[in-house]
Amino acid sequence: MSILNTSNPTNFLLFLPDAGLTESIQMNIQVYKPPTIEIPGTDIPSGPFGKSRSHIPGTVFEYKPITMSILVDRDLNVWNDMYRWMLAIQNYKTMINKSFEETSQVSMYVHILDNMKDNTILIHEFVSPFPSLVYAPTFNHTASTQYPLIMNVEFKYHTFNVLDSQGNNVGERLTLQQAEKQNIEDILYNIKENPIKKPIK
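Residues numbered from 1 in each chain as written. Predicted model: local features only at pLDDT ≥ 70, side-chain atom pairs only at ≥ 80, totals over all residues. Heavy atoms only, no water.

Within the protein chain one finds four helices and 12 strands. Taking 17 Å as the expected radius of gyration for a compact globule of 201 residues, we find that the protein chain reaches 24 Å, considerably beyond that expectation. Its C-alpha atoms put the protein chain at 85 × 65 × 45 Å along the principal axes. Counting only residues that meet the buried cut, the protein chain has 26% of its 201 residues in that class. Restricting the contact set of the protein chain to residue pairs at least 6 apart, pairs at least 24 apart contribute 61%. Accessible surface for the protein chain amounts to roughly 15,500 Å². Of this, 57% is attributable to carbon and sulfur atoms. The centroid of the 16 positive side-chain charges in the protein chain is displaced by 8 Å from the centroid of its 20 negative side-chain charges. (Helix = DSSP H or I, 4+ residues; strand = E, 2+ residues; numbered from the N terminus. Rg over C-alpha atoms; globule rule 2.2 N^0.38 Å. Buried < 20%, exposed > 50% of the residue type's maximum accessible area, 1.4 Å probe, protein only. Contact = heavy atoms within 4.5 Å. Areas by Shrake-Rupley, 256 points an atom, 1.4 Å probe, with all protein chains shown as cover. Lys, Arg positive; Asp, Glu negative; His and termini not counted. Charge placed at Lys NZ, Arg CZ, Asp CG, Glu CD.)

Next comes the structure, spelled out in structure tokens:
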């Protein structure tokens, strides 16, 4: 068993500041999958005469699309709102597509909460998000039991940022030398603040 406290899969909250246009979507989100993060490897020759291959980190940092599962209400407001959002971005009927330009600076935030769901411990920010793929909800007369209707949506975005609880960008980790120096400083500080008391004879 891990010595670290584990997080719960329900510790998240979606927020999209768009004047209530996606309120039904935000209220009914059931599943959120953070983006897969990848640094593609670059193949280089290695071994005698370059007959084998090795990998080194590539020159790009990639974020994959995110997927959300959203509960569909009985009036299908969630599906309609998602359809209208996509139509506003790429309106094949009127050929007037202004929505993405107007909202290009709007960010979608997913707050990761603590286990008490009182405090935000991490924030995922998606700059200029848009629904790129809406999977059709399944209507089925052959189902033996009633179950909630779920709609899966794939979102793409311009930029992904990881923020701390104060809204600051999470920086890169320390180098090994910096970490060793920091550990030594912490040990010296603890010794200074909590000196070992000699036992009274």
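We now examine the sheet that holds strand E12 (residues 159-163). Pairing is antiparallel in the open sheet, where four strands are placed in the order E1-E8-E9-E12. Strands with a single pairing partner mark the edges of an open sheet, and in this sheet they are strand E1 (12-15) and E12. Shown here is a sheet whose adjacent strand axes are inclined to one another by a mean of 15°, direction ignored. When strand E8 (residues 107-113) meets strand E9 (residues 120-127), the two strands line up antiparallel, connected through seven bridges. Its bridge partner being in E9, Leu113 is matched across the sheet by Thr120. (Pairing = 2+ DSSP bridges. Axes fitted to C-alpha atoms, helices over the stretch in contact; angles between N-to-C directions.)

Moving on, we get to the environment of Phe15. Take Phe15: it is sitting in strand E1. For Phe15, a relative accessible area of 42% puts it in the partly exposed group. What Phe15 contacts, discounting residues up to four positions off in sequence, is Gln26, Ser107, Met108 and Tyr109.

Counted under the stated rule, the structure contains nine aromatic pairs. Here Tyr32 and Phe126 contribute two aromatic rings whose centre-to-centre distance is 6.5 Å and whose plane-to-plane angle is 75°, an arrangement assigned as edge-to-face. Of the two residues, Tyr32 sits in strand E2 (residues 29-33) while Phe126 sits in strand E9, which places them 94 residues apart along the sequence. On the basis of relative accessibility, which here comes to 10%, the residue Tyr32 falls in the buried class. (Phe/Tyr/Trp six-rings, centres within 6.5 Å; stacked < 30°, edge-to-face > 60°.)

Next up on the list: helix H4 (residues 176-193). Between the first and last C-alpha of H4 there are 26 Å, a value that for 18 residues agrees with the 26 Å anticipated at 1.5 Å per step. Among the 18 residues in H4, zero count as buried, and that is only a small part of the element. (Expected span 1.5 Å × (residues − 1).)

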